[in-house]
Amino acid sequence: MNPGRRLQALMLMALVVIVGIVGIVGMLVMEGLPDLLFFVLAMLPLVLGGWRWMIAGRARQIS
Amino acid sequence: MSGAGSRWFRINLWLHRWTSLIATLPFLILCLTGTVLIFHEEVDYLLGVVPEAKSRGFDASLPLSESVAAVKAAYPDERIMSVGIDPDHHPGVLLVVTAPKLEPGFQAAELRFTDIATGELIGDPEQGITLTGFLLELHAEWFLGPWGELVGALIALLVLVSLLSGMVVYAPYVKRVAFGVLRKGKGARLLQLDLHNFIGAMVLGWALVVTVTGLLLGFNNLAIGVWQITGLSDFRAEADAMMPVDALEPPVNLDKVFEVATATAKPGWQVSSVVFPATEFSSPRHYTVLLVGSEGLEERMFSVAFVDAATGEVPVALDLPLYLKAITLSQPLHFGDYGGLPLKILWTLCTWLTLFITANGAWLWWNRRRRRRPEEVATEVAA
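Parameters and conventions
Residues numbered from 1 in each chain as written. Chains lettered and ligands numbered in written order. Predicted model: local features only at pLDDT ≥ 70, side-chain atom pairs only at ≥ 80, totals over all residues. Heavy atoms only, no water. Helix = DSSP H or I, 4+ residues; strand = E, 2+ residues; numbered from the N terminus. Buried < 20%, exposed > 50% of the residue type's maximum accessible area, 1.4 Å probe, protein only. Contact = heavy atoms within 4.5 Å. Areas by Shrake-Rupley, 256 points an atom, 1.4 Å probe, with all protein chains shown as cover. Lys, Arg positive; Asp, Glu negative; His and termini not counted. Charge placed at Lys NZ, Arg CZ, Asp CG, Glu CD. Axes fitted to C-alpha atoms, helices over the stretch in contact; angles between N-to-C directions. Left-handed = near helix turned anticlockwise from the far one by under 90°. Salt bridge = Lys/Arg side-chain N within 4 Å of Asp/Glu carboxyl O. Bend = angle between axes of the 7 residues up to and from the residue. Buried area = accessible area lost by both parts, 1.4 Å probe. Polar contact = N/O pair within 3.5 Å; in protein donor to acceptor, adjacent residues only side chain to side chain. Nonpolar A, V, L, I, M, F, W, Y, C, P; charged D, E, K, R; others polar. Pairing = 2+ DSSP bridges. Phe/Tyr/Trp six-rings, centres within 6.5 Å; stacked < 30°, edge-to-face > 60°.

Before going further, it helps to spend a moment on the overall build of chain B. Helices and strands together make up the secondary structure of chain B, namely twelve helices and eight strands. Viewed in the frame of its principal axes, chain B has a C-alpha envelope of about 75 × 45 × 35 Å. Taken over 383 residues, chain B has a buried fraction of 50%. Summarising the internal contacts of chain B: among those between residues at least 6 apart in sequence, 63% fall at separations of at least 24. A total accessible area of about 18200 Å² is found for chain B, and carbon and sulfur atoms account for 64% of it. Side chains of chain B carry 28 positive and 38 negative charges; the gap between the two charge centres is 22 Å.

All right, on to the packing of helix α5 (residues 146-176) of chain B against helix α6 (residues 188-217) of chain B then. All names here are of chain B. Relative to each other, α5 and α6 sit at 145°, their axes nearing to 9 Å. Here α5 runs over α6; the crossing is left-handed. Two secondary-structure elements touch here, α5 through Glu149, Ala153, Ala156, Leu157, Val159, Leu160, Leu163, Leu164, Met167, Tyr170 and Tyr173 and α6 through Leu193, Asp194, Asn197, Ala201, Leu204, Ala207, Leu208, Thr211, Val212, Gly214, Leu215 and Leu217.

Let us now look at the pattern of salt bridges. Residue and element names in this part refer to chain B. Summed over the entire model, instances satisfying the criterion amount to eight salt bridges over all chains. In this structure, the salt-bridge partner of Arg112 is Glu78, at a minimum N-O distance of 3.0 Å. Of this pair, Arg112 sits in strand β3 (residues 110-115) while Glu78 sits in strand β1 (residues 78-86), and the two are 34 residues apart along the sequence. The buried category is assigned to Arg112, whose relative accessible area is 8%. Residues Glu259 and Lys256 are paired through a salt bridge, measuring 3.9 Å at the closest nitrogen-oxygen approach. With Glu259 and Lys256 both in helix α9 (residues 254-264), this residue pair falls three residues apart, about one helical turn. Linked through salt bridges whose partners overlap, the residues forming this network are Glu41, Glu42 and Lys344.

Here we take up α6(B). Because the α-helix completes a turn every 3.6 residues, residues three or four places apart line up on one side. Of all the bends in α6(B), the greatest, near 55°, is centred on Leu204(B). Within α6(B), 25 of the 30 residues are buried, which leaves it mostly tucked inside the rest of the structure.

A separate point is the interface of chain A and chain B. For an interface, size is often stated in terms of accessible area lost upon the parts coming together. Residue-level contacts link 29 residues of chain A with 41 residues of chain B. When the two sides are added together, the surface that chain A and chain B hide from each other amounts to roughly 3000 Å², 77% of it contributed by carbon and sulfur. For chain A, the biggest contributors to the area lost against chain B are Ile24(A), Leu28(A) and Leu46(A); these three give 22% of the whole. Inspection of the chain A/chain B interface yields zero salt bridges. On inspection of chain A and its partner chain B, the count reaches one residue pair in polar contact (both at pLDDT 80 or more). Those elements that provide at least two residues to the side of chain A that touches chain B are α1 (3-29) and α2 (33-59) of chain A. The leading source of residues in the side of chain A that touches chain B is α1(A), at 13 residues. Partitioning the side of chain A that touches chain B into residue classes produces 21 nonpolar, four polar and four charged.

Residues and elements named next belong to chain B. Across the sheet, which stays open at both edges, the eight strands sit in the order β4-β3-β2-β1-β5-β6-β7-β8 with antiparallel pairing between neighbours. On the outer flanks of this sheet lie β4 (120-122) and β8 (316-319), each paired with one strand and no other. The mean inter-strand angle of the sheet, taken between neighbouring strand axes irrespective of direction, is 30°. Pairing geometry for strand β7 (residues 302-308) and β8, over four bridges, is antiparallel. What sits directly across from Val304, in β8, is Leu318.

Before going further, it helps to spend a moment on the pairing of β7(B). All names here are of chain B. Of all seven residues in β7, six are buried; the element is thus mostly enclosed. Relative to β7, strand β6 (residues 286-292) is paired through seven bridges, and the arrangement is antiparallel. By the bridge assignment, Tyr287 is partnered in β7 with Val307.

Summed over the entire model, instances satisfying the criterion amount to nine aromatic pairs over all chains. A centroid spacing of 5.4 Å and a plane angle of 80° characterise the contact between Trp53(A) and Phe198(B), whose relative ring orientation is edge-to-face. Placement of the pair is Trp53(A) in helix α2 and Phe198(B) in helix α6, with the two residues belonging to separate chains. Judged by relative accessible area, which is 37%, Trp53(A) ranks as partly exposed. Arranged with centres 5.7 Å apart and planes meeting at 35°, the rings of Tyr170(B) and Tyr173(B) form a pair that is tilted. Taken as a pair, Tyr170(B) and Tyr173(B) lie in helix α5 at a separation of three residues, close to a single helical turn.

Okay, the environment of His90(B) next. Residues and elements named next belong to chain B. Secondary-structure assignment places His90 in strand β2 (residues 90-100). Taking the C-alpha atoms as reference points, His90 and Phe27, 63 residues apart in sequence, are found 31 Å from one another. For His90, the contacting residues outside a window of four places in its chain are Val50, Pro51 and Leu95.

Before going further, it helps to examine the pairing of β2(B). Residues and elements named next belong to chain B. The element β2 is largely enclosed, with a buried count of ten among its eleven residues. Here β1 pairs with β2 via eight bridges, running antiparallel. From the neighbouring strand, Ser82 faces β2, where its bridge partner is Val97. In this structure, the hairpin formed by β1 and β2 is closed by a connection of three residues.

Put into structure tokens, the structure is as follows:
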């Protein structure tokens, strides 16, 4: 991977972690619709992981 | 500096490997017991160990003292240690904790239930410890009592170091192998390594939350003790100098305690539990009353009021210190029981994925040790 994509990969990972934490903590604080939105954020790491797995599986990239 | 061959990388690789390996077995137990505890309400309901009241509401028409009197009559050798109400999980039920007379501690305590509307005892008195109660004792205290909480904190600390060092080890990896790529056809070891890193990255945020809150919960009893010594020392000194009340029959009854504590509470705050005088959590003269808020974060927070058991006055009402607030908020964030079934399913998925990478990480170490020389480790992980 070139340096730009390396940095992108790291930033993506950091974002996934932060979004998950924000979602989990936000659900505790909020009620009603915001609660639902934070649940979506809490689920995002798993959803994104599943999506990336499918994409990567299709592409069958071998480093 | 953070490349796969750097000293910083090697230190973190060493930390990640050994903290993970030391914590593997207790962590597997925590994951398995934690999975059941996520669904403790459902499990208790299915096993029929949840006492149900005839009336689902909090019927104030019958004094709570009637319930207390019924428990005393049924267990004449015991005293009331505390009572609690939990309208969300046990509507219409008064939870009464009893212990042998003159026993100040909760170690030998038993939990009884009464129907608030009728004042009658409900539930099976011979039930003993429930399955979820047994698993919680294992999960939170390792059957070692309050000291076991510190063992739990130590395990959480090991896992936290493992997670943080894992992030450092992961950084050069993710620069080389894109997130989500599994190198199939290149041997079982590389496939398992990719799975370990990929799943680890997915659950890292959740794992950090659960581990940090687990660490905080491990200091629960210690923090309460510190608060009693520091924040409550003046009040306790004054209370100890006062004439004690009869702990078995305090002059001010439970209904009066609810009344005065609610009247002096902040708007929207309600009594959650009352500790009777002369226990490890109350003075020889005062009831200790825990109050909870009604919405948002306040639903998860406590404030404390002390009610004079001789006069019915409230000499002290105060919020918890910051460190106890943090520990109180850690409970829902650790067990994931604040967002209904969807959040419980998310917690379960993350727990099982974490269980998998724990076992697969141990396999990776064992497999490398069996096949390779130590000096090849850094090169391989970087691959």
